[in-house]
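# Observations on chain architecture
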Amino acid sequence: RLGARHLLAGKKPPAEKEDAEQPTAEHWASAVLPGLLRSYAPAEIFACGETAVLLPTPGKGESPGERLTLLLCANASGSEKLPLRAVGDNPRPRCLRGVNLEQMPWSYRAGSLAGLTAPLFAEWLRDFNEGMRRQGKSVLLLLTKHEAHPYLQLSNVRMVFIPPATTLAHPLDRGIASDLKGHYRRRLLRWLPAERGAGLPSLLDVLHMLAQAWGDVHPGLIASCFRAAGFTPDASAEAVSLTSAPGLPGRQQLQRDGDPAEADGDEGMAEGEDAGELAAVPPCPSEREGWRSLATLRRYLECQATSPDLFQAFYELEDAVHMVSAG
């Protein structure tokens, strides 16, 4: 189960009205939960939990075999995925110096043994509640009972704990977390140190890859995992369409019509052009130079970005360049 390894104490939720009528976890799953779900639309039903990933290899400033704990949260319609929160054991990673952390599409915190602690989870809960308040939403948050998950009385988020003995599987355990890890592994394998000239991925590189991998998890998969777990008011609710994500160019869009012009010969020379003008045209950059330019652009955004949304456009550009380099 996600989050089952944490052992830090937290505030327990108050007894709810249904508790007196709940002799078994099965009764909660069959009678209490359906009543809760009927009070909310799928877009207002959220579930959160933790999973762990390993940094591929030690980078400068990180310990060998460092583990990251990821806090994942999404809604039952798949229409909203909260930015990843990663927890590591390094309080001041060198690679994060100079980064405008408030504008990243992920967040990083340091915790004991890279685990999510009750204070860190409470901080995340308040941030989540504030985000819902700004949107004018009142939502349901389903999560497993655990001492690292303190209960907070929040204005726009109703926390409901899943009994530990229930037969219901957490939606993240139904395939959401494993799909994220699959996309993360694919992006790790795609990392080409020789071409990029950047050496092994740092913690900062991994955080960006994880944010991209979380973006790769399709809304339709998330919705189906919630339905399979029984966490939607209607199991036959219409699934999110499995069409391609908008804005990401396909391979044909990335290819120009026709063959590139030859560099030598008379073709491509406009009337009146001389050799001096041609010499001023910069040569086509190599693949390595292309990756270095992307790294420079990413660093600029890390230091100067005014919105996390800018990184979605950058991630799409990076994917497009990879498709070109992959042929």
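Everything below is about the structure shown above.
What comes next is a walk through the structure. Worth saying up front: this structure is predicted, and the values here are computed from it rather than measured.

### Considerations on the side chain of Asp205
- Looking at the secondary structure, you find Asp205 in helix 5 (residues 203-216).
- The exposure class of Asp205 is buried, given its relative accessible area of 11%.
- A polar contact is formed between the side chain of Asp205 and the backbone nitrogen of Ser202, at a distance of 2.9 Å.
- Among residues more than four places away in sequence, those in contact with Asp205 are Trp191, Leu200 and Arg298.

### Section: the packing of helix 5 against helix 9 (residues 309-325)
- Their axes nearest at 11 Å, the elements helix 5 and helix 9 cross at an angle of 90°. In terms of their interaxial angle, helix 5 and helix 9 are classed as roughly perpendicular. Within the contact between the two elements, helix 5 uses His208, Ala211 and Gln212 and helix 9 uses Phe311, Tyr315, Glu318 and Asp319.
- Across the contact of helix 5 with helix 9, the residue classes break down as three nonpolar, two polar and two charged.

### Examining the pattern of salt bridges
- Taken as a whole and assessed by the stated rule, the structure comprises 13 salt bridges.
- The partner of Glu130 in a salt bridge is Arg133, and the shortest N-O contact between them spans 2.7 Å. Taken as a pair, Glu130 and Arg133 lie in helix 2 (residues 118-135) at a separation of three residues, close to a single helical turn.
- Between Arg134 and Glu130 there is a salt bridge, and its shortest N-O distance comes to 3.1 Å.

### Digging into the sheet that holds strand 2 (residues 67-75)
- Read across the open sheet, the six strands follow the order 4-3-2-1-5-6; overall the sheet is mixed. Unpaired on one side and paired on the other, strand 4 (106-110) and strand 6 (157-162) mark the two borders of the sheet. Taking the axes of each pair of neighbouring strands and ignoring which way they run, one obtains an average angle of 25° across the sheet.
- Of the strand pairs in this sheet, strand 1 (residues 45-54) and strand 5 (residues 139-144) are connected by three bridges, and their pairing is parallel. Looking at the pairing, Phe46 lines up with Leu141 of strand 5.
- Here helix 3 (residues 176-190) sits on the sheet and contacts strand 1 and strand 2; the angle it forms with strand 1, its principal contact strand, is near 45°.
- On the sheet, helix 6 (residues 219-229) packs against strand 1 and strand 2 and is oriented at approximately 80° with respect to strand 2.

### Describing the packing of aromatic side chains
- The tally for this structure, following the rule as stated, stands at six aromatic pairs.
- On the numbers, 6.1 Å between centres and 50° between planes, the contact of Phe311 with Tyr315 is tilted. Taken together, the positions of Phe311 and Tyr315, both in helix 9 and four residues apart, correspond to about one turn of that helix.
- Looking at Phe311, the relative accessible area reads 0%, which means it is buried.
- A relative accessible area of 5% places Tyr315 in the buried class.
- Of the aromatic side chains, those joined through ring pairs into one cluster are Phe46, Phe121, Trp124 and Phe128.
- Its end group placed over the ring of Trp214, Lys81 keeps NZ or CZ at 5.6 Å from the ring centre.

### Brief notes about helix 8 (residues 287-304)
- An ideal rise of 1.5 Å per residue puts 26 Å on 18 residues; helix 8 measures up with 26 Å between its terminal C-alpha atoms.
- Among all positions in helix 8, only Trp291, Leu294, Arg298, Leu301 and Glu302 are buried. Looking down the long axis of helix 8, one finds its buried residues gathered within 100° of arc, a one-sided arrangement. Summarising the geometry of helix 8, the exposed residues directed more than 90 degrees from the buried face are Thr296 and Tyr300.

### A word on the packing of helix 5 against helix 8
- In contact at an axis separation of 13 Å, helix 5 and helix 8 are set at 90° when each is read in the N-to-C sense. For the element pair helix 5 / helix 8, the angle class is roughly perpendicular. In this structure, helix 5 uses Leu204, Asp205 and His208 to contact helix 8, whose residues at the interface are Arg298, Arg299 and Glu302.
- Here the contact of helix 5 with helix 8 is built from residues that sort into one nonpolar, one polar and four charged.

Basis of the calculations
- Residues numbered from 1 in each chain as written.
- Predicted model: local features only at pLDDT ≥ 70, side-chain atom pairs only at ≥ 80, totals over all residues.
- Heavy atoms only, no water.
- Helix = DSSP H or I, 4+ residues; strand = E, 2+ residues; numbered from the N terminus.
- Buried < 20%, exposed > 50% of the residue type's maximum accessible area, 1.4 Å probe, protein only.
- Polar contact = N/O pair within 3.5 Å; in protein donor to acceptor, adjacent residues only side chain to side chain.
- Contact = heavy atoms within 4.5 Å.
- Axes fitted to C-alpha atoms, helices over the stretch in contact; angles between N-to-C directions.
- Parallel < 35°, antiparallel > 145°, perpendicular 65-115°, else oblique.
- Nonpolar A, V, L, I, M, F, W, Y, C, P; charged D, E, K, R; others polar.
- Salt bridge = Lys/Arg side-chain N within 4 Å of Asp/Glu carboxyl O.
- Pairing = 2+ DSSP bridges.
- Phe/Tyr/Trp six-rings, centres within 6.5 Å; stacked < 30°, edge-to-face > 60°.
- Lys NZ or Arg CZ within 6 Å of the ring centre and 35° of its normal.
- Expected span 1.5 Å × (residues − 1).
- Arc of directions from axis to C-beta.

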